[in-house]
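Residues per chain, in single letters:
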Amino acid sequence: MPPEPTSPASAGTTPATLAGYAGTARLDELRATEYQHLDRHGHVYLDYAGAGVAAQAQVRAHHDRLLAGLYSNPHSENPTSEAAGSLVESARQAVLDFFRADPAEYAVVFTPNASGACRLVGEAYDFGRAAPFVLTWDNHNSVNGIREYARAAGAPVRYVPLTGPELRVAEADLVDVLDGSRGGLAARWGRPGARGLFAYPAQSNFSGVQHPLSWVELAHRHGYDVLLDAAAYAPTNRLDLSAVRPDFVCLSWYKLFGYPTGVGALLARRDALARLRRPWFAGGTIRAVSVQGDWHRSMDDESAFEDGTLNFLSIPDVEFGLRWLDSVGVDLVHTRVGLLTEWLLHRLTTLRHRTGRPLVQVYGPATGEGRGGTVTFNLRHPDGSLVDERLVAQESAAAGFSLRTGCFCNPGAGEGAFGISRGSLRRRLLARIDTIDQYLGALRLPTGGAVRVSFGLASNANDAERFLTFVEATYLDREATTGSALPPRLRC
(Lines give C-alpha, C1' and ligand atoms only; values in the text may rest on other atoms or scores of the structure.)
Protein backbone atom coordinates (compact mmCIF):
# COMPACT_ATOMS: atom_id res chain seq x y z
CA MET A 1 0.00 0.00 0.00
CA PRO A 2 1.32 3.52 -0.80
CA PRO A 3 2.03 5.66 2.26
CA GLU A 4 -0.68 7.97 3.45
CA PRO A 5 -0.04 11.64 2.67
CA THR A 6 1.48 13.64 5.46
CA SER A 7 -0.87 16.28 6.79
CA PRO A 8 0.38 19.49 8.41
CA ALA A 9 -2.56 19.33 10.78
CA SER A 10 -1.53 15.90 12.05
CA ALA A 11 2.24 16.14 11.60
CA GLY A 12 2.87 17.14 15.21
CA THR A 13 4.78 20.34 15.65
CA THR A 14 3.81 23.72 14.28
CA PRO A 15 6.35 26.52 13.82
CA ALA A 16 5.10 28.20 16.99
CA THR A 17 5.88 25.09 19.07
CA LEU A 18 9.46 24.73 17.86
CA ALA A 19 12.20 25.12 20.43
CA GLY A 20 13.38 28.70 20.38
CA TYR A 21 10.34 30.16 18.66
CA ALA A 22 8.97 31.63 21.88
CA GLY A 23 12.20 33.58 22.22
CA THR A 24 11.31 35.50 19.05
CA ALA A 25 7.95 36.71 20.40
CA ARG A 26 8.97 40.34 20.04
CA LEU A 27 8.55 39.92 16.28
CA ASP A 28 4.94 38.85 16.82
CA GLU A 29 4.38 41.99 18.87
CA LEU A 30 5.78 44.08 16.02
CA ARG A 31 3.63 42.19 13.51
CA ALA A 32 0.54 43.18 15.49
CA THR A 33 1.54 46.85 15.69
CA GLU A 34 4.10 48.12 13.17
CA TYR A 35 3.25 45.53 10.51
CA GLN A 36 -0.46 45.13 11.09
CA HIS A 37 -1.14 46.11 7.46
CA LEU A 38 0.13 42.65 6.50
CA ASP A 39 -2.95 41.09 8.09
CA ARG A 40 -5.53 43.70 7.18
CA HIS A 41 -6.93 41.84 4.17
CA GLY A 42 -5.98 38.27 4.99
CA HIS A 43 -3.04 38.31 2.59
CA VAL A 44 0.12 36.23 3.13
CA TYR A 45 3.39 37.87 2.09
CA LEU A 46 6.14 35.39 1.16
CA ASP A 47 8.45 37.40 -1.10
CA TYR A 48 11.00 38.92 1.27
CA ALA A 49 13.80 37.95 -1.13
CA GLY A 50 12.10 40.30 -3.58
CA ALA A 51 11.47 43.15 -1.14
CA GLY A 52 11.18 43.68 2.57
CA VAL A 53 8.12 45.19 4.22
CA ALA A 54 8.15 48.69 5.67
CA ALA A 55 7.15 49.32 9.27
CA GLN A 56 4.61 52.04 9.97
CA ALA A 57 7.30 53.83 12.00
CA GLN A 58 9.43 54.20 8.86
CA VAL A 59 6.62 55.85 6.92
CA ARG A 60 5.79 58.16 9.84
CA ALA A 61 9.44 59.18 10.18
CA HIS A 62 9.62 60.11 6.49
CA HIS A 63 6.40 62.10 6.73
CA ASP A 64 7.44 63.91 9.90
CA ARG A 65 10.89 64.81 8.59
CA LEU A 66 9.61 66.33 5.36
CA LEU A 67 6.99 68.42 7.15
CA ALA A 68 9.34 69.57 9.91
CA GLY A 69 12.11 70.92 7.69
CA LEU A 70 13.04 72.16 4.25
CA TYR A 71 15.65 70.40 2.13
CA SER A 72 17.13 71.12 -1.28
CA ASN A 73 19.82 69.95 -3.68
CA PRO A 74 22.93 69.24 -1.56
CA HIS A 75 25.18 70.47 -4.38
CA SER A 76 24.23 74.04 -3.49
CA GLU A 77 25.53 76.12 -0.61
CA ASN A 78 22.57 77.44 1.32
CA PRO A 79 20.73 76.49 4.51
CA THR A 80 18.33 74.01 2.88
CA SER A 81 21.16 72.45 0.89
CA GLU A 82 23.32 72.12 3.97
CA ALA A 83 20.41 70.55 5.85
CA ALA A 84 20.01 67.91 3.15
CA GLY A 85 23.76 67.31 2.92
CA SER A 86 24.02 66.86 6.66
CA LEU A 87 21.33 64.15 6.62
CA VAL A 88 23.03 62.37 3.73
CA GLU A 89 26.37 62.32 5.56
CA SER A 90 24.66 61.12 8.73
CA ALA A 91 23.13 58.24 6.74
CA ARG A 92 26.55 57.44 5.30
CA GLN A 93 27.96 57.12 8.80
CA ALA A 94 24.98 55.02 9.91
CA VAL A 95 25.72 52.53 7.12
CA LEU A 96 29.33 52.20 8.29
CA ASP A 97 28.20 51.76 11.89
CA PHE A 98 25.63 49.10 11.01
CA PHE A 99 28.15 46.98 9.13
CA ARG A 100 30.93 47.74 11.66
CA ALA A 101 33.08 49.17 8.91
CA ASP A 102 36.02 51.40 9.75
CA PRO A 103 35.46 54.76 7.99
CA ALA A 104 39.20 54.96 7.38
CA GLU A 105 38.98 51.70 5.42
CA TYR A 106 35.50 51.78 3.83
CA ALA A 107 33.52 54.34 1.87
CA VAL A 108 29.77 54.35 1.20
CA VAL A 109 28.60 55.22 -2.30
CA PHE A 110 24.85 55.69 -2.60
CA THR A 111 23.38 54.13 -5.75
CA PRO A 112 19.87 53.52 -7.13
CA ASN A 113 20.05 49.83 -6.05
CA ALA A 114 22.41 46.85 -5.81
CA SER A 115 22.43 46.58 -9.60
CA GLY A 116 23.70 50.15 -9.83
CA ALA A 117 26.45 49.28 -7.36
CA CYS A 118 27.50 46.31 -9.50
CA ARG A 119 27.58 48.49 -12.59
CA LEU A 120 29.85 51.03 -10.92
CA VAL A 121 32.40 48.33 -10.27
CA GLY A 122 32.03 46.65 -13.65
CA GLU A 123 32.42 49.77 -15.77
CA ALA A 124 35.41 51.11 -13.84
CA TYR A 125 37.37 47.98 -12.92
CA ASP A 126 40.77 47.59 -14.57
CA PHE A 127 40.02 44.34 -16.41
CA GLY A 128 42.48 43.03 -18.94
CA ARG A 129 44.21 39.94 -20.23
CA ALA A 130 46.10 39.65 -16.95
CA ALA A 131 43.12 40.70 -14.80
CA PRO A 132 40.36 38.07 -15.18
CA PHE A 133 36.79 37.97 -13.91
CA VAL A 134 35.80 34.88 -11.89
CA LEU A 135 32.30 34.28 -10.57
CA THR A 136 30.12 31.46 -9.31
CA TRP A 137 27.26 30.05 -11.37
CA ASP A 138 24.61 31.27 -8.94
CA ASN A 139 25.17 35.01 -9.25
CA HIS A 140 22.29 37.37 -9.89
CA ASN A 141 22.14 38.82 -13.39
CA SER A 142 23.29 42.18 -12.06
CA VAL A 143 26.61 40.48 -11.31
CA ASN A 144 26.59 38.31 -14.44
CA GLY A 145 26.32 41.49 -16.46
CA ILE A 146 29.78 42.61 -15.31
CA ARG A 147 31.22 39.97 -17.63
CA GLU A 148 30.34 42.19 -20.59
CA TYR A 149 32.70 44.87 -19.29
CA ALA A 150 35.36 42.24 -18.64
CA ARG A 151 35.10 40.75 -22.12
CA ALA A 152 35.15 44.17 -23.76
CA ALA A 153 38.50 44.72 -22.02
CA GLY A 154 39.83 41.37 -23.24
CA ALA A 155 39.72 39.77 -19.79
CA PRO A 156 39.20 36.03 -19.32
CA VAL A 157 35.81 35.22 -17.77
CA ARG A 158 35.55 31.99 -15.78
CA TYR A 159 32.58 30.51 -13.91
CA VAL A 160 32.83 28.20 -10.89
CA PRO A 161 30.18 25.46 -11.22
CA LEU A 162 27.58 24.30 -8.73
CA THR A 163 27.69 20.69 -7.61
CA GLY A 164 25.17 18.23 -6.23
CA PRO A 165 21.49 18.61 -5.41
CA GLU A 166 22.24 21.28 -2.78
CA LEU A 167 23.62 23.58 -5.52
CA ARG A 168 26.73 24.47 -3.55
CA VAL A 169 30.20 25.34 -4.81
CA ALA A 170 33.05 23.00 -3.88
CA GLU A 171 35.93 25.04 -2.51
CA ALA A 172 38.39 22.90 -4.44
CA ASP A 173 36.63 23.90 -7.68
CA LEU A 174 36.85 27.54 -6.66
CA VAL A 175 40.58 27.29 -5.98
CA ASP A 176 41.14 25.54 -9.31
CA VAL A 177 39.39 28.33 -11.21
CA LEU A 178 41.12 31.10 -9.27
CA ASP A 179 44.50 29.52 -9.91
CA GLY A 180 43.78 28.61 -13.51
CA SER A 181 42.47 32.04 -14.42
CA ARG A 182 45.48 33.96 -13.15
CA GLY A 183 48.31 31.47 -13.53
CA GLY A 184 51.13 33.20 -15.40
CA LEU A 185 48.85 35.84 -16.94
CA ALA A 186 50.24 38.85 -15.11
CA ALA A 187 53.84 38.02 -15.97
CA ARG A 188 52.96 37.07 -19.54
CA TRP A 189 51.27 40.37 -20.26
CA GLY A 190 53.73 42.51 -18.35
CA ARG A 191 51.38 43.43 -15.50
CA PRO A 192 52.94 41.87 -12.39
CA GLY A 193 50.74 43.95 -10.08
CA ALA A 194 47.48 43.20 -11.88
CA ARG A 195 44.62 41.72 -9.90
CA GLY A 196 41.50 39.86 -10.94
CA LEU A 197 37.96 40.28 -9.67
CA PHE A 198 36.04 37.46 -7.98
CA ALA A 199 32.29 37.92 -7.46
CA TYR A 200 29.88 35.74 -5.52
CA PRO A 201 26.66 36.03 -3.50
CA ALA A 202 26.86 35.69 0.26
CA GLN A 203 23.44 34.06 -0.16
CA SER A 204 21.95 32.79 -3.40
CA ASN A 205 18.65 34.45 -4.23
CA PHE A 206 17.64 31.20 -5.98
CA SER A 207 18.56 28.35 -3.65
CA GLY A 208 19.16 30.15 -0.36
CA VAL A 209 22.66 28.63 -0.21
CA GLN A 210 25.02 30.69 1.93
CA HIS A 211 28.57 30.55 0.62
CA PRO A 212 31.45 30.86 3.10
CA LEU A 213 32.48 34.42 3.86
CA SER A 214 35.98 33.00 4.33
CA TRP A 215 36.20 32.93 0.52
CA VAL A 216 36.91 36.66 0.67
CA GLU A 217 40.30 36.08 2.26
CA LEU A 218 40.85 32.97 0.13
CA ALA A 219 40.44 35.03 -3.04
CA HIS A 220 42.66 37.79 -1.67
CA ARG A 221 45.43 35.24 -1.14
CA HIS A 222 45.09 34.22 -4.78
CA GLY A 223 45.47 37.80 -6.01
CA TYR A 224 41.84 38.83 -6.48
CA ASP A 225 39.67 41.70 -5.40
CA VAL A 226 36.27 40.50 -4.17
CA LEU A 227 32.80 41.78 -4.98
CA LEU A 228 30.35 40.36 -2.43
CA ASP A 229 26.68 40.52 -3.38
CA ALA A 230 24.97 40.90 0.01
CA ALA A 231 21.51 41.89 -1.26
CA ALA A 232 19.88 38.58 -0.25
CA TYR A 233 22.10 38.00 2.80
CA ALA A 234 22.03 41.24 4.76
CA PRO A 235 18.26 41.38 5.56
CA THR A 236 18.48 38.39 7.93
CA ASN A 237 22.18 37.94 8.66
CA ARG A 238 24.82 40.04 10.35
CA LEU A 239 27.59 41.15 7.97
CA ASP A 240 30.54 42.39 10.01
CA LEU A 241 33.06 44.25 7.86
CA SER A 242 35.51 44.46 10.73
CA ALA A 243 35.87 40.66 10.47
CA VAL A 244 35.27 40.04 6.75
CA ARG A 245 36.79 42.57 4.37
CA PRO A 246 35.52 42.28 0.79
CA ASP A 247 36.66 45.02 -1.54
CA PHE A 248 33.14 45.77 -2.77
CA VAL A 249 29.72 45.04 -1.23
CA CYS A 250 26.46 45.57 -3.14
CA LEU A 251 23.17 46.30 -1.34
CA SER A 252 19.58 47.40 -1.93
CA TRP A 253 18.02 48.96 1.15
CA TYR A 254 14.42 48.02 0.34
CA LYS A 255 15.46 44.37 0.68
CA LEU A 256 16.63 44.99 4.23
CA PHE A 257 13.64 46.94 5.53
CA GLY A 258 11.18 47.65 2.73
CA TYR A 259 11.60 51.41 2.43
CA PRO A 260 12.91 53.45 0.71
CA THR A 261 13.03 52.04 -2.79
CA GLY A 262 15.33 53.59 -5.38
CA VAL A 263 18.31 53.71 -3.02
CA GLY A 264 21.12 51.17 -2.72
CA ALA A 265 24.78 51.31 -1.87
CA LEU A 266 28.24 50.20 -2.82
CA LEU A 267 30.42 49.73 0.23
CA ALA A 268 34.00 49.82 -1.02
CA ARG A 269 37.41 49.63 0.52
CA ARG A 270 39.00 52.98 -0.14
CA ASP A 271 42.13 51.49 -1.67
CA ALA A 272 40.01 49.42 -4.08
CA LEU A 273 37.81 52.41 -4.90
CA ALA A 274 40.93 54.43 -5.74
CA ARG A 275 41.92 51.84 -8.35
CA LEU A 276 38.67 52.19 -10.29
CA ARG A 277 38.71 54.35 -13.42
CA ARG A 278 35.32 55.63 -14.49
CA PRO A 279 34.65 55.81 -18.24
CA TRP A 280 32.64 59.01 -17.92
CA PHE A 281 31.72 61.78 -15.49
CA ALA A 282 28.52 63.52 -14.48
CA GLY A 283 27.27 66.37 -12.41
CA GLY A 284 28.43 66.08 -8.83
CA THR A 285 31.33 63.71 -9.62
CA ILE A 286 33.95 66.28 -10.63
CA ARG A 287 35.97 68.98 -8.90
CA ALA A 288 36.54 70.96 -12.10
CA VAL A 289 35.94 70.59 -15.85
CA SER A 290 36.67 72.55 -19.00
CA VAL A 291 34.85 72.48 -22.32
CA GLN A 292 37.44 74.35 -24.36
CA GLY A 293 40.37 72.82 -22.54
CA ASP A 294 38.86 69.32 -22.86
CA TRP A 295 39.85 68.14 -19.38
CA HIS A 296 38.25 67.30 -16.06
CA ARG A 297 39.32 66.52 -12.51
CA SER A 298 37.24 63.99 -10.57
CA MET A 299 36.38 64.33 -6.92
CA ASP A 300 38.80 62.55 -4.62
CA ASP A 301 36.22 60.77 -2.45
CA GLU A 302 33.10 58.61 -2.84
CA SER A 303 31.17 61.48 -4.41
CA ALA A 304 33.17 60.81 -7.60
CA PHE A 305 30.86 57.79 -8.05
CA GLU A 306 27.53 59.39 -7.15
CA ASP A 307 26.17 60.60 -10.47
CA GLY A 308 24.00 63.69 -10.52
CA THR A 309 21.85 64.72 -7.60
CA LEU A 310 21.45 62.10 -4.90
CA ASN A 311 18.02 61.01 -3.75
CA PHE A 312 18.42 63.38 -0.81
CA LEU A 313 14.81 63.11 0.37
CA SER A 314 15.01 59.30 0.72
CA ILE A 315 18.59 58.64 1.80
CA PRO A 316 17.80 59.81 5.37
CA ASP A 317 15.21 57.00 5.46
CA VAL A 318 18.12 54.57 5.13
CA GLU A 319 19.49 55.74 8.45
CA PHE A 320 16.12 55.34 10.12
CA GLY A 321 15.70 51.89 8.58
CA LEU A 322 19.10 50.77 9.82
CA ARG A 323 18.40 52.07 13.32
CA TRP A 324 15.04 50.32 13.19
CA LEU A 325 16.51 46.99 12.10
CA ASP A 326 19.24 47.30 14.71
CA SER A 327 16.65 47.96 17.43
CA VAL A 328 14.69 44.88 16.37
CA GLY A 329 17.85 42.80 16.21
CA VAL A 330 19.31 41.14 13.12
CA ASP A 331 20.16 38.06 15.18
CA LEU A 332 16.55 37.81 16.36
CA VAL A 333 15.30 38.01 12.77
CA HIS A 334 17.88 35.42 11.76
CA THR A 335 16.61 33.01 14.42
CA ARG A 336 12.94 33.44 13.48
CA VAL A 337 13.60 33.07 9.75
CA GLY A 338 15.74 29.99 10.33
CA LEU A 339 13.02 28.28 12.36
CA LEU A 340 10.30 29.00 9.81
CA THR A 341 12.50 27.91 6.91
CA GLU A 342 13.54 24.62 8.47
CA TRP A 343 9.96 23.81 9.47
CA LEU A 344 8.62 24.52 5.99
CA LEU A 345 11.39 22.54 4.31
CA HIS A 346 10.68 19.54 6.52
CA ARG A 347 6.94 19.65 5.89
CA LEU A 348 7.24 20.19 2.15
CA THR A 349 9.70 17.37 1.63
CA THR A 350 7.59 14.87 3.59
CA LEU A 351 4.38 15.44 1.63
CA ARG A 352 3.55 12.41 -0.52
CA HIS A 353 0.85 11.66 -3.06
CA ARG A 354 -1.15 8.45 -2.62
CA THR A 355 1.07 7.00 -5.32
CA GLY A 356 4.00 7.36 -2.94
CA ARG A 357 5.66 9.99 -5.12
CA PRO A 358 6.81 13.26 -3.49
CA LEU A 359 4.65 16.32 -4.02
CA VAL A 360 7.54 18.78 -3.76
CA GLN A 361 11.00 18.90 -5.31
CA VAL A 362 13.24 21.37 -3.48
CA TYR A 363 16.22 22.95 -5.23
CA GLY A 364 19.12 23.55 -2.91
CA PRO A 365 19.58 22.43 0.71
CA ALA A 366 16.64 20.46 2.10
CA THR A 367 17.54 21.35 5.70
CA GLY A 368 18.29 24.61 7.46
CA GLU A 369 22.06 24.08 7.56
CA GLY A 370 24.16 26.58 5.61
CA ARG A 371 21.23 28.34 4.01
CA GLY A 372 18.98 31.35 4.34
CA GLY A 373 15.23 31.88 4.36
CA THR A 374 14.63 31.32 0.64
CA VAL A 375 12.94 28.07 -0.42
CA THR A 376 12.75 27.29 -4.14
CA PHE A 377 10.89 24.27 -5.47
CA ASN A 378 8.56 22.77 -8.02
CA LEU A 379 5.37 20.84 -7.37
CA ARG A 380 4.78 17.45 -8.97
CA HIS A 381 1.64 15.59 -10.00
CA PRO A 382 1.03 12.03 -8.73
CA ASP A 383 2.61 10.68 -11.95
CA GLY A 384 5.79 12.67 -11.30
CA SER A 385 5.24 15.36 -13.95
CA LEU A 386 5.83 18.98 -12.97
CA VAL A 387 3.05 21.44 -12.21
CA ASP A 388 3.55 24.46 -14.46
CA GLU A 389 4.90 27.33 -12.36
CA ARG A 390 2.55 29.73 -14.16
CA LEU A 391 -0.42 27.78 -12.84
CA VAL A 392 0.98 27.97 -9.31
CA ALA A 393 1.41 31.73 -9.77
CA GLN A 394 -2.23 32.11 -10.79
CA GLU A 395 -3.71 29.90 -8.10
CA SER A 396 -1.55 31.16 -5.24
CA ALA A 397 -2.38 34.78 -6.14
CA ALA A 398 -6.09 33.96 -6.21
CA ALA A 399 -5.72 32.41 -2.73
CA GLY A 400 -4.05 35.56 -1.37
CA PHE A 401 -0.37 34.61 -1.41
CA SER A 402 2.42 36.85 -2.64
CA LEU A 403 5.33 34.68 -3.76
CA ARG A 404 7.69 34.53 -6.72
CA THR A 405 7.73 32.21 -9.73
CA GLY A 406 10.09 32.00 -12.69
CA CYS A 407 13.91 32.05 -12.88
CA PHE A 408 14.60 34.83 -10.34
CA CYS A 409 17.25 36.55 -12.51
CA ASN A 410 19.65 33.72 -11.68
CA PRO A 411 20.24 31.64 -14.82
CA GLY A 412 23.26 29.72 -13.52
CA ALA A 413 21.42 28.37 -10.48
CA GLY A 414 18.48 27.49 -12.71
CA GLU A 415 20.74 25.62 -15.13
CA GLY A 416 22.21 23.72 -12.20
CA ALA A 417 18.82 22.96 -10.67
CA PHE A 418 17.27 21.75 -13.92
CA GLY A 419 20.34 19.83 -15.07
CA ILE A 420 20.93 21.84 -18.24
CA SER A 421 24.28 20.93 -19.75
CA ARG A 422 26.65 23.35 -21.43
CA GLY A 423 26.65 21.24 -24.57
CA SER A 424 22.87 21.26 -24.72
CA LEU A 425 22.78 25.03 -24.50
CA ARG A 426 25.32 25.45 -27.26
CA ARG A 427 23.56 23.06 -29.61
CA ARG A 428 20.06 24.32 -29.02
CA LEU A 429 20.92 27.99 -29.27
CA LEU A 430 22.11 27.50 -32.82
CA ALA A 431 18.48 27.14 -33.86
CA ARG A 432 16.29 30.15 -34.48
CA ILE A 433 14.54 30.99 -31.24
CA ASP A 434 11.96 33.75 -31.03
CA THR A 435 10.22 33.21 -27.68
CA ILE A 436 11.09 31.94 -24.22
CA ASP A 437 8.66 29.05 -24.63
CA GLN A 438 10.39 28.01 -27.88
CA TYR A 439 13.72 28.17 -26.06
CA LEU A 440 12.42 25.93 -23.26
CA GLY A 441 10.98 23.54 -25.80
CA ALA A 442 14.31 23.34 -27.62
CA LEU A 443 15.98 22.43 -24.33
CA ARG A 444 13.21 19.88 -23.64
CA LEU A 445 12.50 21.37 -20.24
CA PRO A 446 9.20 20.35 -18.64
CA THR A 447 8.59 23.80 -17.17
CA GLY A 448 10.02 27.30 -17.36
CA GLY A 449 11.02 27.98 -13.79
CA ALA A 450 10.26 27.31 -10.17
CA VAL A 451 8.31 28.60 -7.18
CA ARG A 452 10.08 30.64 -4.51
CA VAL A 453 8.87 31.56 -1.04
CA SER A 454 11.01 33.57 1.33
CA PHE A 455 10.72 34.73 4.92
CA GLY A 456 11.81 37.97 6.54
CA LEU A 457 11.57 40.29 9.51
CA ALA A 458 7.77 40.30 9.83
CA SER A 459 7.12 36.63 8.98
CA ASN A 460 5.29 34.50 11.51
CA ALA A 461 4.18 30.92 12.09
CA ASN A 462 0.76 31.55 10.60
CA ASP A 463 2.31 32.57 7.27
CA ALA A 464 4.18 29.27 7.01
CA GLU A 465 1.23 27.15 8.14
CA ARG A 466 -1.24 28.82 5.78
CA PHE A 467 1.04 28.31 2.83
CA LEU A 468 1.62 24.65 3.63
CA THR A 469 -2.13 24.09 4.02
CA PHE A 470 -2.69 25.75 0.64
CA VAL A 471 -0.11 23.52 -1.06
CA GLU A 472 -1.57 20.35 0.43
CA ALA A 473 -5.20 21.25 -0.26
CA THR A 474 -4.56 22.44 -3.82
CA TYR A 475 -1.96 20.05 -5.23
CA LEU A 476 -1.84 16.83 -3.23
CA ASP A 477 -3.21 13.95 -5.35
CA ARG A 478 -4.22 16.37 -8.09
CA GLU A 479 -3.91 14.77 -11.50
CA ALA A 480 -2.26 16.53 -14.41
CA THR A 481 -4.63 18.24 -16.84
CA THR A 482 -4.16 19.66 -20.32
CA GLY A 483 -5.51 22.68 -22.10
CA SER A 484 -5.12 25.19 -19.27
CA ALA A 485 -4.97 28.75 -20.57
CA LEU A 486 -1.64 30.09 -19.30
CA PRO A 487 0.06 33.32 -20.40
CA PRO A 488 3.22 33.07 -22.51
CA ARG A 489 6.50 33.42 -20.68
CA LEU A 490 8.05 36.79 -21.43
CA ARG A 491 11.48 36.52 -19.77
CA CYS A 492 13.83 34.22 -17.96
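Bear in mind the structure is a predicted one, so any value in this text is a computation, not a measurement. (Residues numbered from 1 in each chain as written. Predicted model: local features only at pLDDT ≥ 70, side-chain atom pairs only at ≥ 80, totals over all residues. Heavy atoms only, no water.)

### Describing the overall build of the chain
Thought 1: Summing up its helical and strand segments, the chain has 18 helices and 15 strands in all.
Thought 2: Sorting the 492 residues of the chain into buried and exposed places 52% on the buried side.
Thought 3: Nonlocal contacts in the chain, meaning residues at least 24 apart in sequence, comprise 73% of its contacts between residues at least 6 apart.
Thought 4: On the chain, roughly 21200 Å² of surface is accessible, and the fraction owed to carbon and sulfur atoms is 53%. (Helix = DSSP H or I, 4+ residues; strand = E, 2+ residues; numbered from the N terminus. Buried < 20%, exposed > 50% of the residue type's maximum accessible area, 1.4 Å probe, protein only. Contact = heavy atoms within 4.5 Å. Areas by Shrake-Rupley, 256 points an atom, 1.4 Å probe, with all protein chains shown as cover.)

### So, the sheet that holds strand β15 (residues 450-454)
Thought 1: Within the open sheet, the 4 strands sit side by side as β11-β12-β15-β14. Their pairing is antiparallel. Every interior strand has two partners, whereas the edge strands, β11 (360-363) and β14 (404-406), have only one. Averaged over all adjacent pairs, the angle separating strand axes in this sheet is 30°, with direction ignored.
Thought 2: On the sheet, helix α14 (residues 389-398) packs against β12 (374-379), β14 and β15 and is oriented at approximately 160° with respect to β14. (Pairing = 2+ DSSP bridges. Axes fitted to C-alpha atoms, helices over the stretch in contact; angles between N-to-C directions.)

### Quick look at helix α18 (residues 461-475)
Thought 1: Compared with an ideal rise of 1.5 Å per residue, which puts 15 residues at 21 Å, α18 spans 21 Å between its outermost C-alpha atoms and is within 8% of the ideal.
Thought 2: Within α18, burial applies to A461, D463, A464, F467, L468, F470, V471, E472 and Y475.
Thought 3: After α18 finishes, the residue D477 shows a positive phi value of roughly 65°. (Expected span 1.5 Å × (residues − 1).)

### Some words on the packing of helix α3 (residues 79-98) against helix α12 (residues 315-328)
Thought 1: At a closest axis distance of 8 Å, the pairing of α3 and α12 adopts a crossing angle of 30°. Put simply, α3 runs roughly parallel to α12. Of the two possible hands of crossing, α3 and α12 adopt the one that is left-handed. Contacts between α3 and α12 involve L87, V88, S90, A91, A94, V95, D97 and F98 from the first element and I315, P316, V318, E319, L322, R323, L325 and D326 from the second.
Thought 2: Classifying every residue of the contact of α3 with α12 gives 11 nonpolar, 1 polar and 4 charged. (Parallel < 35°, antiparallel > 145°, perpendicular 65-115°, else oblique. Left-handed = near helix turned anticlockwise from the far one by under 90°. Nonpolar A, V, L, I, M, F, W, Y, C, P; charged D, E, K, R; others polar.)

### A look at the pattern of salt bridges
Between side chains of opposite charge, a pair can form when the charged atoms approach closely.
Thought 1: Per the counting criterion, the structure on display carries 27 salt bridges.
Thought 2: A salt bridge links E105 to R269; its shortest N-O distance comes to 3.5 Å. Highlighted residues: E105 in the loop between α3 and β2 (106-111) and R269 in strand β8 (residues 264-269), separated in sequence by 164 residues.
Thought 3: Linking R270 and E302 is a salt bridge whose minimum nitrogen-to-oxygen distance equals 3.4 Å. Taken together, the positions of R270 in helix α11 (residues 270-275) and E302 in the loop between β10 (295-298) and α12 put the pair 32 residues apart, joining distant regions of the chain.
Thought 4: Residues joined in a network through salt bridges with shared partners are E89, R92, R270, E302 and E306. (Salt bridge = Lys/Arg side-chain N within 4 Å of Asp/Glu carboxyl O.)

### Here we look at the environment of R336
Thought 1: With respect to the secondary-structure elements, R336 resides in helix α13 (residues 330-350).
Thought 2: Residues R336 and Y21 lie 315 residues apart in sequence; the distance between their C-alpha atoms is 6.7 Å.
Thought 3: Once you skip the residues sitting within four places of it in the chain, R336 turns out to touch Y21, T24, A25, L27, D28, S459 and N460.
Thought 4: A polar side-chain atom of R336 sits 2.8 Å from the main-chain carbonyl oxygen of S459. (Polar contact = N/O pair within 3.5 Å; in protein donor to acceptor, adjacent residues only side chain to side chain.)

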